[in-house]
Amino acid sequence: MRVLVIAPHPDDETLGCGGTLFRHKKEGHSLYWAIVTQATSDIGWTKQKIKRREAEMDIIRGKYNFLNVYNYSIPATKVDTVPIFELINKINATYEEIKPEIIYVPFPYDVHTDHQRMTLRQVLYLVFYYKVLHQLHHQHHIHDLKQDHYMKINLQIQRQQDQRDTLLLDVL
């Protein structure tokens, strides 16, 4: 099974669905990571902090064993200022390359505008509305699209917490 996680920021995959990703990994699924934003000096990140963040991302990539990472390189906190066609092109290119069977996106009622722009509804409207929904409707599988997905991760929760601690080193 091919699994794509769309993370507005390079920690949202862990904070949002890290345990679930470890479960997918344990089950031998192919994992892919789309990082929508990047830290820049424009929003106050120093070069040293940016390099440290990139090193953390390499560690995280290895721990989840992501087969590929897609960096959209939109400045953090600026997703809502990017023209829709740019988001459509980036997400569509990722989707076409992977053909994921499961896509994880942020919680739809998050207060962060970067997260709001990457929720299921937004991603569907951005890219998949005409392509996927039209196709699914004609294949009579429209009921397969689920807003929420629950998976038992009690055996993976400690690994998610360890991964979260890797991210929090930057804060300390």
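Everything discussed here concerns the structure shown above.
Described below are features of the structure shown in this document. Predicted model only: the values in this text are computed from it and were never measured.

1. Points about the pairing of strand β1 (residues 2–7)
The side chains of a regular strand alternate, residue by residue, between the two faces of the sheet.
1) Next: Of all the six residues making up β1, five are buried; the element is thus mostly covered by neighbouring parts of the structure.
2) Next: Across six bridges, β1 lies against strand β2 (residues 30–38) in parallel orientation. Paired with Ala7 across the two strands is Ile35, which belongs to β2.
3) Next: Between the parallel elements β1 and β2, the chain passes through helix α1 (residues 12–26) in a crossover that is right-handed.
4) Next: Bridging between β1 and strand β4 (residues 102–104) involves three bridges; their strand directions are parallel. Bridge assignment links Val5 to a residue of β4, and that residue is Tyr104.

2. What to know about the pattern of salt bridges
1) Next: This model, assessed by the stated rule, comprises five salt bridges.
2) Next: Between Glu56 and Arg53 there is a salt bridge, with the nearest N and O atoms lying 3.4 Å from each other. Placement of both Glu56 and Arg53 in helix α2 (residues 47–64) is noted, with a separation of three residues, approximately one turn of the helix.
3) Next: With a relative accessible area of 6%, Glu56 lands in the buried category.
4) Next: When its relative accessible area of 11% is taken as the criterion, Arg53 is described as buried.

Parameters at a glance
Residues numbered from 1 in each chain as written. Predicted model: local features only at pLDDT ≥ 70, side-chain atom pairs only at ≥ 80, totals over all residues. Heavy atoms only, no water. Buried < 20%, exposed > 50% of the residue type's maximum accessible area, 1.4 Å probe, protein only. Helix = DSSP H or I, 4+ residues; strand = E, 2+ residues; numbered from the N terminus. Pairing = 2+ DSSP bridges. Right-handed = clockwise from strand over helix to strand, strands pointing away. Salt bridge = Lys/Arg side-chain N within 4 Å of Asp/Glu carboxyl O.

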